[in-house]
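Descriptive analysis of the structure
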Amino acid sequence: TSPRTASTRAASAPSRSPVTLPCSPCVTAPWRRPAPLRRALAALVIAVLVTVPAASLYEAAALGVKSAQGNLGLAYLEKGSYDESIDALRRAVAAQPAFCVGNYRLGLALVNTGRSSAAVFPLKRAATDDAMARQAGLLLASTFMQMSNFEEAMAAADRVLQRDPDNEAALLVRTQAAIGANDA
């Protein structure tokens with residue numbers, strides 16, 4: 001056969017009909033499901049709503065807000081848009097006050113915009129978390145140094161050194177704070 005006849009045969013071949021899924025309760029639209037299945041799903045939803053306390057539902061909604069606003073705040077922070085980051089992170093922290101990573105990022109954004117005194121509270125809150133204690137503690141100590149609050153800087157550095165005695169950055173901040181306190 002020549003290439004011409006092969007292409008003619010392909011063009012004259014009957015077209016295929018689209019593949020359809022079999023009709024089953026799992027793939028049909030909810031309003032087309034059989035009545036017993038709709039009733040069972042409704043009973044399941046009602047059972048969940050009755051057995052799950054409202055506080056848990058609020059916490060789940062807060063976690064969604066925390067995650068969305070926290071991600072938005074992180075994106076702005078990485079972009080260098082600190083003011084937008086602050087707005088998003090404040091919403092995330094308001095939805096979940098114990099969100100230590102959000103508190104740390106909020107403190108970082110506030111420090112980067114020159115609002116050191118406003119950064120102290122979120123950084124102190126973040127430093128209470130074991131996973132964030134070193135990072136938040138070091139930033140808190142440095143923030144106190146910027147504010148010339150040498151006693152608080154030493155205390156923040158000491159808390160980091162209690163967890164990590166060989167932390168060179170904490171040792172440096174602690175030493176600089178001690179020198180600053182003696183000079184003052």
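Everything numeric here is computed off the predicted structure, so don't read it as measured data.

1. Remarks on the nonpolar core
- Grouped together as the largest cluster of nonpolar side chains are 28 residues, with contacts concentrated most on Tyr104, Leu123, Leu140, Phe144 and Met145.
- Elements supplying a minimum of two residues to this core: helix H4 (82–95), helix H5 (100–112), helix H6 (116–127), helix H7 (133–146), helix H8 (150–163) and helix H9 (168–183).
- Here Leu123 is in contact with Asn103, Tyr104, Gly107, Leu108, Val111, Ala136, Leu139, Leu140 and Thr143, once residues within four sequence places are set aside.

2. Side note on H8
- Taking 1.5 Å per residue, 14 residues should reach 20 Å; H8 reaches 20 Å between its end C-alpha atoms and fits that length.
- Three or more residues of H8 are buried, namely Phe150, Ala153, Met154, Ala156, Ala157, Val160 and Leu161. With its buried residues spanning 165° around the axis, H8 presents them on a single face. Pointing more than 90 degrees away from the buried face of H8 are the exposed residues Glu151 and Gln162.
- Buried residues belonging to H8 abut H7 and H9.

3. Some points on the confidence of the model for the protein chain
- Of all residues in the protein chain, 64% have pLDDT values of 70 or greater, and the mean over the chain is 75.
- Within the protein chain, helix H1 (residues 3–12) has the poorest average pLDDT of any element, 49, and H6 the best, 95.
- The low-confidence segment residues 5–11 (pLDDT under 50) makes one contact with residues lying over four places distant or belonging to another chain.
- Note on residues 45–63: pLDDT is under 50 here. Beyond four places in sequence and across chains, it has six contacts.

Quick notes on the rules
- The numbers attached to residues start from 1 for each chain and follow its sequence in the written order.
- Given that the model is predicted, a residue must reach a pLDDT of at least 70 before its local features are reported, and side-chain atom pairs must reach 80 or more before they are shown or counted; all residues, however, enter totals for whole chains, interfaces and linings.
- Excluded from the side-chain calculation are hydrogens and water; included are all heavy atoms of the structure.
- To define a nonpolar core, start from buried Ala, Val, Leu, Ile, Met, Phe, Trp, Tyr and Cys residues and group those joined through side-chain atoms within 4.5 Å.
- Note on classification: 1.4 Å probe, protein chains only; a residue is buried when its accessible area is under 20% of the maximum for its type, exposed when over 50%, partly exposed between these limits.
- Secondary structure elements follow DSSP: runs of H or I no shorter than four residues count as helices, runs of E no shorter than two count as strands, and numbering proceeds from the N terminus.
- Note on definitions: a residue-residue contact is assigned when non-hydrogen atoms from the two residues lie within 4.5 Å.
- Every helix has an expected span of 1.5 Å times one less than the residues it contains.
- Arc, as used here, means the arc of the directions from the helix axis to the C-beta atoms.
- Predictor confidence is given residue by residue as pLDDT, running from a minimum of 0 to a maximum of 100.

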